[in-house]
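# A structural walkthrough
Residues per chain are reported as follows:
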Amino acid sequence: MRVFVTGASGWIGSAVVEELLATGHEVTGLARSDASAAAVEAKGARVLRGDLDDLDRIRLGARESEAVIHLANKHDWSDPAGTNAAERAAVQTIGDTLADSGRPFLVAAGIAGLVQGRPATEDDPSPFHGPDAPRGGSENLTLEFAERGVRSVSLRFAPTVHGTGDHGFIAALGAIAREKGVSGYVGDGTHRWAAVHVRDAARLVALGLAKAPAGVRLHAVAEEGVPTREIAEGIGRAFDLPVASIDPADVQDHFGWLGTFFGADLAATSAATRELLGWTPTGPALLEDLAAGAYAVG
């Protein structure tokens, strides 16, 4: 299958491209820079130059493909409105291009904000609708295309997709710990983060491309919830730093933009996804990765 992947040189995207190529697909990756293009080509994929604001190039990539996997996001925490608008415009453009084709359209999403007080499940709808919502309401927009003849699927990734080379939330928490001289957690640290190894996440995406029916939500979740105190303790051991509770009133000062996320309970299950796809995570757990030096620096 000819698959167009946005975010093809990113952390999750790179692993997905490798998995798709290994399973016999032809891949074209959207690349906004020379470095990104070189990284995509080095894996054996084709390159389409452009970025999330270049809707004509995105439309071209979708039109010339047999499936689209949209993983790119600006993640500009200084301009959330701009990030949300770009995400919604890209999803709208791809969906309109694929309408009435029956082709697969898989879109990255998350589990933050879905439910409170229990782990999120695949049956929990996203509460985010419209262009001003987080991610521009792109999950609900994506799933609406199922009624327009698109095999649209939501890919909900755990808040930490971990592994050697990760530059996401866990790497950011490690950098904050080194800067502050202490690995912190919020309050009593009992709220939890779901987790998945990047290779398991990539395999789930490939299985979703092959098997998932239109309109479903898939959870890329291997561990339902790792207590944030245990995450902080793992970071402390990895960098030989003390571990301490951070008062909720001081979270923004200590963690900056990441405090909102690290102070939230982001647990989720993946039972329905595993049953639907026959997916069984086999990669190391988050604390195992931390202990093995996956986030070592220097």
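Residues numbered from 1 in each chain as written. Predicted model: local features only at pLDDT ≥ 70, side-chain atom pairs only at ≥ 80, totals over all residues. Heavy atoms only, no water.

Per an unreviewed UniProt entry, the protein goes by the name Nucleoside-diphosphate-sugar epimerase and belongs to Amycolatopsis sacchari.

### Topic: the overall build of the protein
Broken down by element type, the protein carries twelve helices and twelve strands. Computed over its C-alpha atoms, the radius of gyration of the protein comes to 19 Å, within 12% of the 19 Å expected for a compact globule of 298 residues. In terms of its C-alpha atoms, the protein occupies a principal-axis envelope of roughly 55 × 40 × 40 Å. Considering only intrachain contacts with a sequence separation of at least 6, the fraction spanning at least 24 residues in the protein is 78%. Just so you have it, the protein exposes about 12600 Å², and 49% of that area is on carbon and sulfur atoms. (Helix = DSSP H or I, 4+ residues; strand = E, 2+ residues; numbered from the N terminus. Rg over C-alpha atoms; globule rule 2.2 N^0.38 Å. Contact = heavy atoms within 4.5 Å. Areas by Shrake-Rupley, 256 points an atom, 1.4 Å probe, with all protein chains shown as cover.)

### Details of the pairing of strand β8 (residues 183-186)
Of the two faces of β8, the one holding Ser183 and Tyr185 and the one holding Gly184 and Val186 are both buried throughout. Strand direction decides the pairing type here: β8 and strand β12 (residues 243-246), joined by four bridges, are parallel. Counted as the bridge partner of Gly184 is Ala244 from β12. (Buried < 20%, exposed > 50% of the residue type's maximum accessible area, 1.4 Å probe, protein only. Pairing = 2+ DSSP bridges.)

### Thoughts on the nonpolar core
Val5, Leu20, Ile69, Leu71, Leu155 and Phe157 are the most contacted members of the largest nonpolar core, which has 68 residues in total. Here this core gets seven residues from one element, more than from any other, and that element is helix α7 (residues 198-211). Looking at this core, you find at least three residues from each of domain 1 (2-159 + 197-220) and domain 2 (164-195 + 223-269 + 278-292). With sequence-adjacent residues up to four places away left out, Ile69 is seen in contact with Val3, Phe4, Val5, Thr6, Val16, Leu20, Leu106, Leu155, Val205 and Leu209. The next biggest cluster of nonpolar side chains, apart from the first, holds 18 residues, and it includes Ala90, Ile94, Leu98 and Phe145. (Core = buried A, V, L, I, M, F, W, Y, C linked by side-chain atoms within 4.5 Å. Domains from an automatic or database assignment.)

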